[in-house]
Amino acid sequence: MLRPIVMISVVSSLSLATPGRGQVLASQSDWPRGVQTLLERFDSTASSATTLDPAGRAALFTDDATFLNAFGNRVDGRPALDSTWARLYGGNQFRQAKIERLERRVRVLAPDLVLVDHLERLTGQGANNRANPPRMTHITLLLRQVRPADWRIVYYRAGDNRNLEQERQQRVTQDALENDWANLAKYREENAKLGPPAPNENRVVFYGNSITEVWAKNFPTMFPGKPYIGRGISGQTTPQMVVRFNQDVVALKPKVVVILAGTNDIAGNTGPSTIEMIEDNLRSMAEIAKANGIRVVLSSVLPVYDYPWRPGLEPAPKIMALNAWMKDYARKTGATYLDYHSAMQDARHGLPPELASDEVHPTEAGYRVMAPLAERAIAEALRRRP
């Protein structure tokens, strides 16, 4: 049996080797019998439901298969890979994707061992009918013959994402983390142009992460005529939000702040974080707001069964524990608790596909559920003394 670490070393040492003894660069007509059948099954994975069930995956992978994705996350064994595969292809993110095979190379390493390299271009990928830029991906497969003419994948690596725009955004994000950790520059100019609220204006700041940032673009249609301001920043955690709270909330002089935060902490976006650390940061923001005469709405963290960018953390019970603390803290301090979680969770304590295409970020339907709940919480907060 090949151990995963051996397979990785084989791939890294031979993928750039010139053809020679035991490393034959084969044309399709020279492929060992059964390899073509397996590759055809593999190619149909993104578009054929038959390869998504356990029997279909068993026809592709050995029980000891290893999968390494484009982010470097690795799973070993077909049960774990089954779960990963179902999440990748069972959702909406690849439903409208078109995959073009640009180049495929097959190397015969041994009579029962074949290395496959290919480039593919993904287009039309995206949820909510949004077309994403083409994405180039380099796939490496190591195939093993388990029976005569019967081949299986023992190692699968997806990497070398060559989406230049994504790489540019990653560099911008990295630069911001190194030079402006809390992203104080994000709304600096908008805040300066905003000016103070008008007399009797019930200004509200929605404060949070990507869920708030995306939602704010739809405020004019979901909250027509309301002086609601979005100050969400994608990927942010509560310590970053504490740092920018004065400039992005207090300085805008709202009557109410709606805080939606904590999910990225649980995902570990800026490093490990305990529930107690998140509670401390939420408490700090609430106390700063109260000291400045701003009424506080603490929003429950939305349900999450698994984070696609950091799978396996089992966030659901952590989210429910944090929400329970928020509800109790709001009751004790006179803040308003806004419960999105109860209205949106499914049987797994996650978000159903119709409310979030990636299990984390709401679709328009998800925001439509959230909007009236937010309105009621804001109205309740305005009735309270600051």
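These numbers were taken from a predicted model, which means no experiment stands behind them. (Residues numbered from 1 in each chain as written. Predicted model: local features only at pLDDT ≥ 70, side-chain atom pairs only at ≥ 80, totals over all residues. Heavy atoms only, no water.)

Colleague: Explain empty space enclosed by the protein to me, using residue names and the numbers behind them.
Modeller: Sizing a probe to match a water molecule and rolling it over the atoms shows the empty space that remains. Following the criterion strictly, the structure yields one cavity of 30 Å³ or more and no others. Taken together, the residues that form the lining of the largest cavity break down as five nonpolar, three polar and no charged. (1 Å grid on protein atoms, 1.4 Å probe; cavity = no way out; pocket = protein on both sides within 12 Å on 5 of 7 lines; lining within 4 Å. Points joined across faces, edges and corners; volume = space filled by probe spheres on them. Nonpolar A, V, L, I, M, F, W, Y, C, P; charged D, E, K, R; others polar.)

Colleague: Describe the environment of Arg 283, naming the residues involved and giving the relevant values.
Modeller: With respect to the helices and strands, Arg 283 occurs in helix 12 (residues 275-291). Separated by 47 residues in sequence, Arg 283 and Ala 330 place their C-alpha atoms 9.8 Å apart. When neighbours within four sequence positions are excluded, Arg 283 is seen to be in contact with Trp 325 and Tyr 329. Only 2.8 Å separates the side chain of Arg 283 from the side chain of Asp 280, close enough to count as a polar contact. (Helix = DSSP H or I, 4+ residues; strand = E, 2+ residues; numbered from the N terminus. Contact = heavy atoms within 4.5 Å. Polar contact = N/O pair within 3.5 Å; in protein donor to acceptor, adjacent residues only side chain to side chain.)

Colleague: Please set out the packing of aromatic side chains residue by residue, giving values where relevant.
Modeller: Evaluated as defined, the whole model comprises 15 aromatic pairs. An angle of 55° between the planes, with centres 4.9 Å apart, marks the rings of Phe 206 and Phe 219 as tilted. Placement of Phe 206 in strand 8 (residues 204-208) and of Phe 219 in helix 8 (residues 219-222) is noted, with a sequence separation of 13 residues between them. Overall, the relative accessible area of 5% leaves Phe 219 in the buried class. Among the aromatic side chains, those forming a connected cluster through ring pairs are Phe 206, Trp 215, Phe 219, Phe 223, Tyr 228, Tyr 340 and Tyr 367. Taking the ring centre of Tyr 187 as reference, the NZ or CZ of Lys 186 above it sits at 5.7 Å. The positively charged end of Arg 348 is found above the aromatic ring belonging to Tyr 305, 4.4 Å away from the centroid. (Phe/Tyr/Trp six-rings, centres within 6.5 Å; stacked < 30°, edge-to-face > 60°. Buried < 20%, exposed > 50% of the residue type's maximum accessible area, 1.4 Å probe, protein only. Lys NZ or Arg CZ within 6 Å of the ring centre and 35° of its normal.)

Colleague: With reference to specific residues and values, describe the environment of Phe 223.
Modeller: Here Phe 223 lies in the loop between helix 8 and strand 9 (228-232). Judged by relative accessible area, Phe 223 falls into the buried class, the value being 2%. Between the C-alpha atoms of Phe 223 and Glu 375, which are 152 residues apart in sequence, the distance is 8.7 Å.

Colleague: Any chance you could break down the pairing of strand 6 (residues 135-147) for me, citing the residues and the numbers?
Modeller: Sheet topology note: the strand 5 (residues 113-123)/strand 6 ladder contains ten bridges and is antiparallel. When the sheet's bridge partners are listed, Leu 113 is paired in strand 6 with Arg 144. In terms of strand pairing, strand 6 meets strand 7 (residues 150-159) through nine bridges, oriented antiparallel. When the sheet's bridge partners are listed, Arg 147 is paired in strand 7 with Asp 150. (Pairing = 2+ DSSP bridges.)

Colleague: Provide a residue-level description of the nonpolar core, including the pertinent values.
Modeller: With 33 residues, the main nonpolar core has Tyr 207, Phe 245, Val 257, Ile 259, Leu 282, Val 296 and Leu 322 as its most contacted residues. Broken down by secondary-structure element, the contributors of at least two residues to this core are strand 8, strand 10 (256-260), helix 11 (263-267), helix 12, strand 11 (295-299) and helix 13 (316-333). Not counting chain neighbours up to four residues away, the residues in contact with Val 257 comprise Val 205, Tyr 207, Phe 245, Val 249, Ala 289, Ile 294, Arg 295, Val 296 and Val 297. Counting residues in hydrophobic clusters, the runner-up holds 27 residues, among them Val 204, Ile 211, Leu 351 and Ala 377. (Core = buried A, V, L, I, M, F, W, Y, C linked by side-chain atoms within 4.5 Å.)

Colleague: Tell me what's going on with the confidence of the model for the protein, and back it up with residues and numbers.
Modeller: Model confidence for the protein is summarised by a mean pLDDT of 84, while 80% of its residues fall at 70 or above. Scored below 50 in pLDDT, residues 1-23 makes 35 contacts in the model with residues more than four places away or belonging to other chains. (pLDDT = per-residue confidence, 0-100.)

Colleague: Can you break down helix 13 residue by residue, with the values?
Modeller: Its 18 residues place the ends of helix 13 26 Å apart at the C-alpha level, agreeing with the 26 Å of an ideal helix rising 1.5 Å per residue. Residues of helix 13 that are buried make contact with helix 11, helix 12, strand 11, strand 12 (336-338) and helix 14 (341-344). (Expected span 1.5 Å × (residues − 1).)

Colleague: Go over the environment of Arg 203, please, and point to the residues and values.
Modeller: Within the fold, Arg 203 resides in the loop between helix 6 (188-194) and strand 8. Since its relative accessible area comes to 4%, Arg 203 is described here as buried. Taking the C-alpha atoms as reference points, Arg 203 and Pro 254, separated by 51 residues in sequence, lie 4.7 Å from one another. Contacts of Arg 203, omitting those with residues within four sequence positions, involve Leu 194, Gly 195, Pro 196, Pro 197, Pro 227, Ile 229, Leu 252, Lys 253, Pro 254, Lys 255 and Val 256.

Colleague: Talk me through unusual backbone geometry; I want residue IDs and the actual numbers.
Modeller: Although it is not a glycine, Glu 314 sits at a positive phi angle of roughly 50°. In this fold, Glu 314 is placed in the loop between strand 11 and helix 13.

Colleague: Lay out the pattern of salt bridges with the relevant residues and their values.
Modeller: Under the defined criterion, the tally for this structure stands at 17 salt bridges. Across the pair Glu 201 and Arg 203 runs a salt bridge, and its minimum N-O distance is 3.1 Å. We note a salt bridge from Arg 331 to Asp 328, for which the minimum N-O separation is 2.6 Å. Placement of the pair is Arg 331 and Asp 328 together in helix 13, with a separation of three residues, close to one helical turn. Judged by its relative accessible area of 60%, Arg 331 falls in the exposed class. (Salt bridge = Lys/Arg side-chain N within 4 Å of Asp/Glu carboxyl O.)

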